[in-house]
Amino acid sequence: MTPTSFKAKANSPTNIFLWSVTGYVILLTIANLLESGILKGLSYGAAFGIFMIMATVSAFSPRQKNMFTGFGLALCLYYYGILGSIIYNLHSIDWAVALKMLMAPLFIVFGTLFESQSREGIWTHKNVKILFMMLIIFPFILWVWQLAIGRVAFGSSGEVSIFANRNNAALYAVTLLALYNVLSSKPIKSFLVYIFTGVCFSTLGVLLAIMIAILITLPRAHILRFIILFATLAFFGFLVWLINPELGIFARLLPVIDSIRYISTGQIVLSSVTYAELVQILHTSDLSFIFRLKHWLDFLTIYANGSIFEWIFGFGIGSSEHMSEKHLVPHNDYLRYLFECGVVTFIGFVLLIGTIIAKSGRRWESIPLFVIAIYFFSENLVANFVAMILFYFCAGTLLQRFWQEKHNMSYLAKVGL
């Protein structure tokens, strides 16, 4: 490699994105470590700064003829709906969340544009490997420090490192798998890596999403291997459960099974049962699964009773936290978009995620994208700015890469090569 080409690779748009995200994660880590309000406030400006840097780089990038544009309609609907929602509900907007929702989806455009300019992978650049490792090491060290001083407890529902909870930490881990697939010419092809990512955060949602994504995404030959692996793990898991049924994930699984059984037999009626009664019926305070079902029904009831304008433009970004019975966001980002931003934004978001899923195809690189698309059904993820920009950027990059591969193959077929 010549010095000129090496320098060009180091200054590639994707490398600039990686530097920006790494700096943002380091700033969040230091802000949480020092518990500094000033640095936390600065991090909000840094998030906007990343967006402006990417927008500026994109504006001055040479226009490419061969670019994937299949998400254009989805983005048009998304932004028409969300801007209409902001204008209609101007008096009740959570601007911190609104800005994240406005900025994050555009990173799919940045990823597509940057990949269209790429001629070779940048993983061989030493700085790229260092930056990627820093994205892992800094949040991990902060988490270890939090555990060491007793600021957080292992397996608790509170904050984990720079994230609000384990679910968002697990989301970030999945997006890093997607980022590795983007940066490296060799995607991760190990069931164990994905299963470990789901298990290590002790979150049923991400583990279930990973397993479904693997079953949907991979070709039949790989699926057979996965089923064998899963059956083996399930067998040993069953043995562990016989020894200690209250261990970790097993203790969380039993309330789910009981909840389904009681709902199906009519012993629990979601529309009328109270949370205190649920604790008594299920003999546990872990209502994570059935809470979501009751919580979603609450939002759907409020939405159904809204006006035609509220159906179209929603009740306003941030309104779900104030209007629900438990004063919490929906724990379902699809439902959140419908309730807070209205049906137009909801359709745009669903089309955007659907395009990512449909165009990714059945391959290893697609697994993290599928995981996040499924995980949106059970968590509050869209306000996690760093994970969302990684998701959209990686989605855009991979869609462009897959589209270019297909385009090149069609061209070779036409010329008879």
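Bear in mind that the values here come from a model prediction, so they are computed numbers and not experimental data.

Check the secondary structure of the protein chain and you find 20 helices and zero strands. Per-residue burial over the protein chain gives 49% buried out of 417 residues. A fraction of 72% describes how many contacts in the protein chain between residues 6 or more apart in sequence connect residues 24 or more apart. Only carbon and sulfur atoms are counted for the fraction: they give 70% of the accessible area of the protein chain, which is about 20000 Å².

With that settled, the discussion passes to helix H19 (residues 367–375). Among the nine residues that make up H19, eight are buried, leaving the element largely enclosed by the rest of the structure. The set of residues buried in H19 consists of Ile-367, Pro-368, Leu-369, Phe-370, Val-371, Ile-372, Ala-373 and Tyr-375.

Another point: a nonpolar patch on the surface. On the surface, Met-133, Ile-136, Ile-137, Phe-140, Ile-141 and Val-144 cluster together into a nonpolar patch covering about 520 Å² of accessible area. Within the secondary structure layout, Phe-140 lies in helix H7 (residues 126–148).

On to the environment of Gly-361. Note on placement: Gly-361 falls in the loop between helix H18 (343–360) and H19. Remark: the alpha-carbon pair of Gly-361 and Ile-216, spanning 145 residues in sequence, is separated by 9.7 Å.

Secondary-structure assignment places Arg-401 in helix H20 (residues 385–415). Residues contacting Arg-401, with those up to four places away along its chain left out, are Glu-115, Asn-181, Val-182 and Ser-184.

Turning next to the pattern of salt bridges. Under the criterion given, the structure shown has seven salt bridges. In this structure, Arg-261 engages Asp-258 in a salt bridge whose closest nitrogen and oxygen atoms are separated by 3.1 Å. Pair noted here: Arg-261 and Asp-258 are both in helix H12 (residues 248–264), with a separation of three residues, about one helical turn. What makes Asp-258 partly exposed here is its relative accessible area of 21%. In this structure, Arg-363 engages Glu-405 in a salt bridge whose closest nitrogen and oxygen atoms are separated by 3.3 Å. In this pair, Arg-363 is assigned in the loop between H18 and H19 and Glu-405 in helix H20, connecting sequence segments 42 residues apart. Using a relative accessible area of 26% as the deciding quantity, one classes Arg-363 as partly exposed. You can call Glu-405 partly exposed: its relative accessible area is 37%. Taken together, the salt bridges that share partners define one network made up of Glu-35, Arg-151 and Glu-159.

Applying the stated criterion across every chain yields a total of 27 aromatic pairs. Judged by centre distance (6.4 Å) and plane angle (15°), the rings of Phe-110 and Phe-114 are stacked. Taken together, the positions of Phe-110 and Phe-114, both in helix H6 (residues 107–117) and four residues apart, correspond to about one turn of that helix. Classification of Phe-110 as buried rests on a relative accessible area of 7%. Taken together, a centroid distance of 4.7 Å and an interplanar angle of 25° make the contact between Phe-315 and Phe-339 stacked. Of this pair, Phe-315 sits in the loop between helix H15 (308–313) and helix H16 (320–323) while Phe-339 sits in helix H17 (residues 333–341), placing them 24 residues apart in sequence.

Okay, the environment of Leu-73 next. Following the sequence through the fold, Leu-73 ends up in helix H4 (residues 72–88). Look at Leu-73 and you get exposed, because its relative accessible area is 59%. Spatially, the C-alpha atoms of Leu-73 and Gly-348 are 7.6 Å apart, while their sequence positions differ by 275 residues.

Attention now goes to the nonpolar core. The biggest cluster of nonpolar side chains holds 103 residues, and the ones touching the most others in it are Phe-107, Phe-376 and Met-388. The biggest single contributor to this core is H20, with 14 residues. Each residue touching Met-388, except ones within four places of it in the same chain, is listed here: Ala-104, Leu-171, Ile-372, Phe-376, Leu-381 and Val-382. Counting 10 residues, the second-largest nonpolar core is a separate cluster that includes Ile-268, Leu-282, Ile-290 and Phe-291.

The backbone of Glu-35 sits at a positive phi, close to 50°, despite the residue not being glycine. Mapped onto the elements, Glu-35 comes out in the loop between helix H2 (13–34) and helix H3 (37–59). Look at Glu-35 and you get exposed, because its relative accessible area is 53%. Although it is not a glycine, His-331 adopts a positive phi angle of roughly 60°.

In this model, H2 (22 residues) spans 32 Å end to end at C-alpha, consistent with the 32 Å of a helix rising 1.5 Å per residue. Within H2, 16 of the 22 residues are buried, which leaves it mostly tucked inside the rest of the structure.

Here Thr-14 is to be found in helix H2. For Thr-14, a relative accessible area of 12% corresponds to the buried category. Excluding anything up to four places from it in sequence, Thr-14 contacts Phe-114, Ile-122, Leu-183 and Phe-393.

Reading guide: rules and limits
Residues numbered from 1 in each chain as written. Predicted model: local features only at pLDDT ≥ 70, side-chain atom pairs only at ≥ 80, totals over all residues. Heavy atoms only, no water. Helix = DSSP H or I, 4+ residues; strand = E, 2+ residues; numbered from the N terminus. Buried < 20%, exposed > 50% of the residue type's maximum accessible area, 1.4 Å probe, protein only. Contact = heavy atoms within 4.5 Å. Areas by Shrake-Rupley, 256 points an atom, 1.4 Å probe, with all protein chains shown as cover. Patch = residues over 30% accessible without salt bridge, like charges linked within 9 Å, V, L, I, M, F, W, Y side chains within 5 Å. Salt bridge = Lys/Arg side-chain N within 4 Å of Asp/Glu carboxyl O. Phe/Tyr/Trp six-rings, centres within 6.5 Å; stacked < 30°, edge-to-face > 60°. Core = buried A, V, L, I, M, F, W, Y, C linked by side-chain atoms within 4.5 Å. Expected span 1.5 Å × (residues − 1).

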